[in-house]
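Structural overview
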Amino acid sequence: MTVLDFLKKYKKILMIAVDVAVIPGLFLLKYLSSFMLSTDRPCVWTLIGLQCATCGGTRCVSNLLSGNIIEAIKLNPFIFLCIMYLVISFIFLNILLLRNSSFAKKALKKMYSLWSLVIVLVTFALFFLARNIYNVIILFSSL
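Keep in mind that this is a model prediction, so the values were computed, not measured.

Calculation notes
- Residues numbered from 1 in each chain as written.
- Predicted model: local features only at pLDDT ≥ 70, side-chain atom pairs only at ≥ 80, totals over all residues.
- Heavy atoms only, no water.
- Helix = DSSP H or I, 4+ residues; strand = E, 2+ residues; numbered from the N terminus.
- Areas by Shrake-Rupley, 256 points an atom, 1.4 Å probe, with all protein chains shown as cover.
- Phe/Tyr/Trp six-rings, centres within 6.5 Å; stacked < 30°, edge-to-face > 60°.
- Disulfide = S-S within 2.5 Å.
- Buried < 20%, exposed > 50% of the residue type's maximum accessible area, 1.4 Å probe, protein only.
- Contact = heavy atoms within 4.5 Å.
- Axes fitted to C-alpha atoms, helices over the stretch in contact; angles between N-to-C directions.
- Left-handed = near helix turned anticlockwise from the far one by under 90°.
- Nonpolar A, V, L, I, M, F, W, Y, C, P; charged D, E, K, R; others polar.
- Patch = residues over 30% accessible without salt bridge, like charges linked within 9 Å, V, L, I, M, F, W, Y side chains within 5 Å.
- Salt bridge = Lys/Arg side-chain N within 4 Å of Asp/Glu carboxyl O.
- Core = buried A, V, L, I, M, F, W, Y, C linked by side-chain atoms within 4.5 Å.
- Parallel < 35°, antiparallel > 145°, perpendicular 65-115°, else oblique.

**Side note on the overall build of the protein chain**
Of the regular secondary structure elements, the protein chain holds 9 helices and 0 strands. Listed N to C, the secondary structure of the protein chain is α-α-α-α-α-α-α-α-α in terms of helices and strands. Entry remark: accessible area of the protein chain is about 10,700 Å², with carbon and sulfur atoms responsible for 74%.

Pasting the structure below:
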């Protein structure tokens, strides 16, 4: 029995198991984000005066899990968009497994295509540059 045969045979059981595991996973994520916020370890980028594209991500997730959506977007819109991307993917995956929808299948193929990966990486780089444009100008002007 191949992996695909196993997935086809037990897809509803696996989907329910994953859906049920999401709820304890969110509580674990809330605990881990609280733990990460209590430590004072600086990011490597902040040591040289820059913010990476994921700086503020832990606080973003913590605020999102607390229901502070506006504050989460203010802290790090890129992480917020990535989380929304994953949530939408999760919804399409459930639709695909429950109803075998061709629309959900096409949507997932487009969401996880090579072009989507390129768009995410370019967006990541542009967000990093936009977040640090002032610091980059100062860094290069001092050289």
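Resuming the write-up.
**Things to note about the packing of aromatic side chains**
The final tally for this structure, using the stated rule, is 4 aromatic pairs. Ring-pair connections join several aromatic residues into one group, and the members of that group are F78, F124 and F127.

**What to know about the state of the cysteines**
The bond known as a disulfide is covalent and runs between the sulfur atoms of two cysteines. The full count for this structure, using the stated rule, is 0 disulfides. Unpaired in terms of disulfides, C60 finds its nearest cysteine sulfur in C82, a separation of 9.5 Å. Judged by relative accessible area, which is 29%, C82 ranks as partly exposed.

**Observations regarding the side chain of N63**
When you line up the elements, N63 lands in helix α4 (residues 57-66). Ignoring any residue separated from it by four or fewer positions in sequence, one finds N63 in contact with N68, E71, A72 and L75.

**Brief notes about the packing of helix α6 (residues 77-99) against helix α7 (residues 102-111)**
As a packed pair, α6 and α7 sit with axes 8 Å apart at the nearest point and diverge in direction by 145°. For the pair α6 and α7, the sense of crossing is left-handed. Residue-level inspection shows Y85, I88, S89, F92, L93, I95 and L96 of α6 in contact with α7, the latter providing F103, A104, K105, A107, L108 and M111. Here the contact of α6 with α7 is composed, by residue class, of 11 nonpolar, 1 polar and 1 charged.

**A short note on a nonpolar patch on the surface**
Taken together, L114, W115, L117, V118, L121, V122, L126 and L129 make up a surface patch of nonpolar side chains, about 840 Å² in accessible area. Residue position: W115 is located in helix α8 (residues 114-131). Residue classification places W115 among the exposed positions, given a relative accessible area of 66%.

**Considering the nonpolar core**
Residues C60, V61, L64, A72, L75, I79 and F80 constitute the largest nonpolar core, which totals 7 residues. Mapped by element, the contributors of at least two residues to this core are α4, α5 (69-75) and α6. The dominant element in this core, judged by the number of residues it contributes, is α4, at 3 residues. Residues within four places of I79 in sequence aside, it is in contact with T54, G57, C60 and V61.

**Considerations on the packing of α4 against α6**
Contact geometry of α4 with α6 gives a least axis separation of 9 Å together with a crossing angle of 55°. One element, α4, and the other, α6, form an angle in the oblique class. Read as a crossing pair, α4 and α6 show a hand that is right-handed. Along its contact with α4, which presents G57, C60, V61 and L64, the element α6 presents I79, F80, I83 and M84. Split by residue class, the contact of α4 with α6 holds 7 nonpolar, 1 polar and no charged.

**Quick look at α4**
If you check which residues of α4 are buried, you get G57, C60, V61, S62, N63 and L64. The positive-phi residue at the C-terminal boundary of α4 is G67, with phi of around 95°.

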